[in-house]
Structure formats: C-alpha cells, structure tokens
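Given next are the chains, with one letter for each unit.
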2 protein chains.
Amino acid sequence: MNAEPHPPAAGTGLAPKKRISAPRKSQEIFDATLDLLRDKGYEGLTVEGVAERAGVNKTTLYRWWPSKGALLGAALVNGTQLGFPLPDTGSLQGDLEAVLGSVVSLLTAPAASGIAIAALGAITQSPELAAHARSFFADRLAKEQPILDRAIARGELSPATDPALLMHLMDMLAGAAWLRVAFRQLPLDKEFVARTVRTALHGALVRP
Amino acid sequence: MNAEPHPPAAGTGLAPKKRISAPRKSQEIFDATLDLLRDKGYEGLTVEGVAERAGVNKTTLYRWWPSKGALLGAALVNGTQLGFPLPDTGSLQGDLEAVLGSVVSLLTAPAASGIAIAALGAITQSPELAAHARSFFADRLAKEQPILDRAIARGELSPATDPALLMHLMDMLAGAAWLRVAFRQLPLDKEFVARTVRTALHGALVRP
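Residues numbered from 1 in each chain as written. Chains lettered and ligands numbered in written order. Predicted model: local features only at pLDDT ≥ 70, side-chain atom pairs only at ≥ 80, totals over all residues. Heavy atoms only, no water.

With that out of the way, let us pick up the interface of chain A and chain B. With 49 residues of chain A in contact, the opposing surface of chain B contributes 49 residues. Carbon and sulfur atoms make up 62% of the area that chain A and chain B hide from each other, which totals about 4,200 Å². In terms of surface lost to chain B, no three residues of chain A exceed M172(A), F183(A) and R184(A), which account for 18% of the buried area on that side. When the shortest N-O distance is used, the salt bridge between D171(B) and R184(A) registers 2.7 Å. Between chain A and chain B we count 14 residue pairs in polar contact (both at pLDDT 80 or more) in total. Mapped by element, the contributors of at least two residues to the side of chain A that touches chain B are α6 (110-123), α7 (127-153), α8 (165-183) and α9 (190-202) of chain A. Element by element, the count of residues in the side of chain A that touches chain B is highest for α8(A), at 15 residues. Here the side of chain A that touches chain B is built from residues that sort into 29 nonpolar, 11 polar and nine charged. (Contact = heavy atoms within 4.5 Å. Buried area = accessible area lost by both parts, 1.4 Å probe. Salt bridge = Lys/Arg side-chain N within 4 Å of Asp/Glu carboxyl O. Polar contact = N/O pair within 3.5 Å; in protein donor to acceptor, adjacent residues only side chain to side chain. Helix = DSSP H or I, 4+ residues; strand = E, 2+ residues; numbered from the N terminus. Nonpolar A, V, L, I, M, F, W, Y, C, P; charged D, E, K, R; others polar.)

All names here are of chain A. Among the 11 residues in helix α4 (residues 68-78), eight count as buried, and that is most of the element. Residues G69, A70, L71, L72, G73, A74, A75 and L76 constitute the buried set of α4. Buried residues along α4 sit against α1 (26-44), α2 (47-54), α3 (58-64), α6 and α7. (Buried < 20%, exposed > 50% of the residue type's maximum accessible area, 1.4 Å probe, protein only.)

In this section: the packing of helix α5 (residues 92-108) of chain A against α6(A). Helices that pack against each other are described as a pair by the angle of their axes relative to one another and the distance between those axes. Residue and element names in this part refer to chain A. Running from amino to carboxyl end, α5 crosses α6 at an angle of 85°, the nearest separation of the two axes being 5 Å. As far as their axial angle goes, α6 and α5 are roughly perpendicular. Here L106, L107 and T108 of α5 lie close against α6, whose contacting residues are P110, A112, S113, A116 and I117. (Axes fitted to C-alpha atoms, helices over the stretch in contact; angles between N-to-C directions. Parallel < 35°, antiparallel > 145°, perpendicular 65-115°, else oblique.)

Now for unusual backbone geometry. A positive phi is found at Q185(A), a non-glycine position, where the angle reads about 55°. Looking at the secondary structure, you find Q185(A) in the loop between α8 and α9. Of the residues examined, Q185(A) reaches a relative accessible area of 34% and is grouped as partly exposed. With a phi angle near 65°, K25(B) is a residue other than glycine that sits in the positive phi range. By the secondary structure assignment, K25(B) is in the segment before α1 (26-44).

Moving on, we come to the pattern of salt bridges. Evaluated as defined, the whole model comprises 22 salt bridges over all chains. The shortest N-O distance in the salt bridge between E48(B) and K58(B) comes to 3.7 Å. Residue E48(B) is located in helix α2 (residues 47-54), and its partner K58(B) is located in helix α3 (residues 58-64); the two are separated by 10 residues in the primary sequence. Here R154(B) and E156(B) are joined by a salt bridge, their closest N and O atoms 2.7 Å apart. Note on E156(B): relative accessible area 31%, which makes it partly exposed. Here the salt bridges share partners, and the residues they tie into one network are D35(A), R38(A), D39(A) and R53(A).

Once that is clear, we can look at the UniProt feature "DNA-binding region" (unreviewed entry) in chain A. Cross-referencing UniProt, the feature "DNA-binding region" (unreviewed entry) maps to residues 46-65 of chain A in the present numbering. Annotated as residues 46-65 of chain A, this span is 75% helix and 0% strand, and its ends, taken at the C-alpha atoms, are 12 Å apart. (UniProt positions renumbered as here; feature names shortened; annotations may be inferred.)

Along the chain, L186(B) falls in the loop between α8 (165-184) and α9 (190-202). With residues up to four places along the chain from it excluded, the contact list for L186(B) reads M167(A), R180(B) and V181(B).

Our next topic: the environment of P159(B). With respect to the element layout, P159(B) can be found in the loop between α7 (127-153) and α8. For the pair formed by P159(B) and D149(B), sequence separation is 10 residues and the distance between their alpha carbons is 8.9 Å.

What follows covers the relation of the copies chain A and chain B. Rotating chain A by 180° about the axis while translating it 0.0 Å along that axis superimposes it on chain B, leaving an RMSD of 0.1 Å. Here the transformation between the copies is reduced to the relation of a two-fold axis. The share of interface residues of chain A whose copies in chain B are also at the interface is 100%, consistent with both copies meeting through the same surface. (Least-squares fit on C-alpha atoms with pLDDT ≥ 70 in both.)

Moving on, we come to the packing of aromatic side chains. In total, this model carries 12 aromatic pairs over all chains according to the counting rule given. Ring geometry for W178(A) versus F183(B): centroids 5.2 Å apart, planes at 75°, classification edge-to-face. Of this pair, W178(A) sits in helix α8 while F183(B) sits in helix α8, on two different chains. Measuring from centroid to centroid gives 5.1 Å for F136(B) and F137(B), while their planes differ by 80°, and the two rings are edge-to-face. Among the aromatic residues, ring-to-ring pairing joins F136(A), F137(A), W178(A), F183(A), F136(B), F137(B), W178(B) and F183(B) into one connected group. (Phe/Tyr/Trp six-rings, centres within 6.5 Å; stacked < 30°, edge-to-face > 60°.)

So, in structure tokens, the structure goes:
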C-alpha cells in the first residue's frame, strides 16, 4: 500500500517542509468521522459523508485512507472526542480511578457515548475496522504506561512488576464498565468506579 | 392455575396439557435465529429467514414475537448455542474459573463465538434488542447465584456478603474477556482465566 503522498518538489524556493504525515484539516476530518459514526452508525458512515462534513474533497480522503475502516481507525486514535488526559493523582488507586472515570465519561457523556458505543459495536461487525481498533487500544495503553511506572517509583508496586499488569488491570476495569453500560444498561456512578478499582487492587475477598 | 386461558376440556380422555408458553419447534426456532445472526449479522437477520431455516410459517413467528428484536431476545436466553452448565467445583475460585472458562468458550469456540460477538455487537446498534439483552444478562446472573450461595455456605464468604457481589465479579471477569477478545483481539487462554479470577478475588497487589 502506498499511502505516502508525493514529496514536495525540490527547488521551489520554499522552506523545507516537514515530512507530511496527514492532510490539511486532518483534525476536522477525524472529528467529522466520529460525529458521523455517532449520527449514522457504521453502516451509514461513508467517506463521501465525511468529506462533505469536513469540507474537503473526497479524493483527498481516499488518497490517505483507502476505505472507511481505515479512516475510522485513524479517527479513533486521533479524534478529539475520544481523547482523555493522563492523570497524576499521587497514588495508583487514584490514577486508576481517574482513568476508569474517563472511560465511564466516554461511555456515558452525551457528546462521546454515542461515538464510543457505536464504534466499539462496529468493531464486532467489521474485521477491517477491528484491525484498526487494535491500534486504538495499543495507543491508549502506551499512553497510560506512566501510571504503572510512577507506582513503581513510589514503591507501591515492586520493580519486578509484570509489564503486562497495566493491560490486565485495564481489561478488568474498562471491561466491567463496558459490559455494565452496554450490555446490562446499568448506571456507572462514582461508587462503581471506586469499588471496581478497589477490587482490582485488593480483591473482592478483602473485608472493607 | 387461574391464569389458564383455556383449561383443558374435561372428559377428553387426554392428560391435562401444560400451559402453552412457546410454539411448537421453539428450540429449532431459537437455534435457527442464532445461526442466522452468526451467518448474516443483525442487519441480515429477518423473521422470514428464521421461518425458512426452522421450517415453520412466518405468521407463527410473528404471532409469538412481534419483531426480530423480540425474537432474538428470546433466542439469546433459550438458544442451545449460548447455554452453559452451572459449575460446582467445591470452591469459589474454581466455580468462577469454570464460569469464566465458559464465557471464554462462548467468545472463542467456532460454533458459538460468531453468534456471541455478533449478538453483543448488535446490542449496541438496536435499542430494542438492547432491552431484550438485559433479560439475557439478568437470566444468566440468576442462574449463577448458587455459586455465591454455596461459597457462603462453605464459609468462604461472610453471610453478610452484598448480594450484588456476583454481578460485580461477573462484570469484571466477563468484561475483561470481552474487551480482550473483541477489542484487543488477544487470545484468551487458561492463564488469562486463572489470573483474572485470582485478581478479582485477591487483588493485583497480592504477592504471588
């Protein structure tokens, strides 16, 4: 696949350009993709619709992303609607509560929940999108890694901690939130967040 | 029972009939519904298609289930493809490992995984199906309640245990399995099952 555009022509008298890794208006394109997914579902999402919404030519989109699955994969990682800040609360429990709280917001806040639920549901229907979604989860996990590093630096976790611990914890925390809101359709409140993190760190058998 | 709409006629010489709560061939109908969902997705699932596959008249189906969402809701609870036996291993850890192992099988075994992934993905796309899916999860949880009751009887859990503990544990266990296989597309092996149950009961901070 040759996704790279043509390099800028030499000798144009312009300052050397950075290597181009996204088209102009890429943020508008990603955000429009996620908005359209929320409004129309994966079935109703089209590259043409994104082009119209973002005010760009559809051939521009096809040059960068050969299909709507590829476009949505990039939008999941880069769209502003699904981003969240990395917490630094001073404790592992606090950081995990903040991250789970962000996941809860994504799954319940009006602006984001339609996108998150539609995107994650669509993953199960499109093998192509699923492949791109893996990048989203890997990217998210890499951004969260400092949470574990800082817990080790503070002595909350052993330096010999399995590097896969963060994924293990996030699977249980985010998985519980997802299952509860998408499948059981039960509310996600502060008590859910605190209890789930407490169980993940200390176990359900601990006496409160 | 007073709720009987038409009590069996006296003196017919036949044994009294049970109250009819499902049409003839209902098991074939439920199984055909889940097979069709796996093969065609929720979009491609039709009451007509189920009727043809199960060898029944479509008017029979519409009489019992007014829409494909209602039919799929009933099939999720009653279809043989998604059923699993209640474990009784003699310990809470063992029972939870067995239940999570069954969830893992549903999400990964060739016969069931296409159905489970398609059904759970479809829930996010259809509010009507979502309402029926709640019954599936409530039904599943009620069937699993003896796991908690037996743990209390064995003294593994306090008699004062929060009755919602089972849902809390299953959210984390099944949620982790679901997120890992559907979204991260990583394998679910015996190590995943043992580690996830161990963390849910004893916490990630415990030194192994």
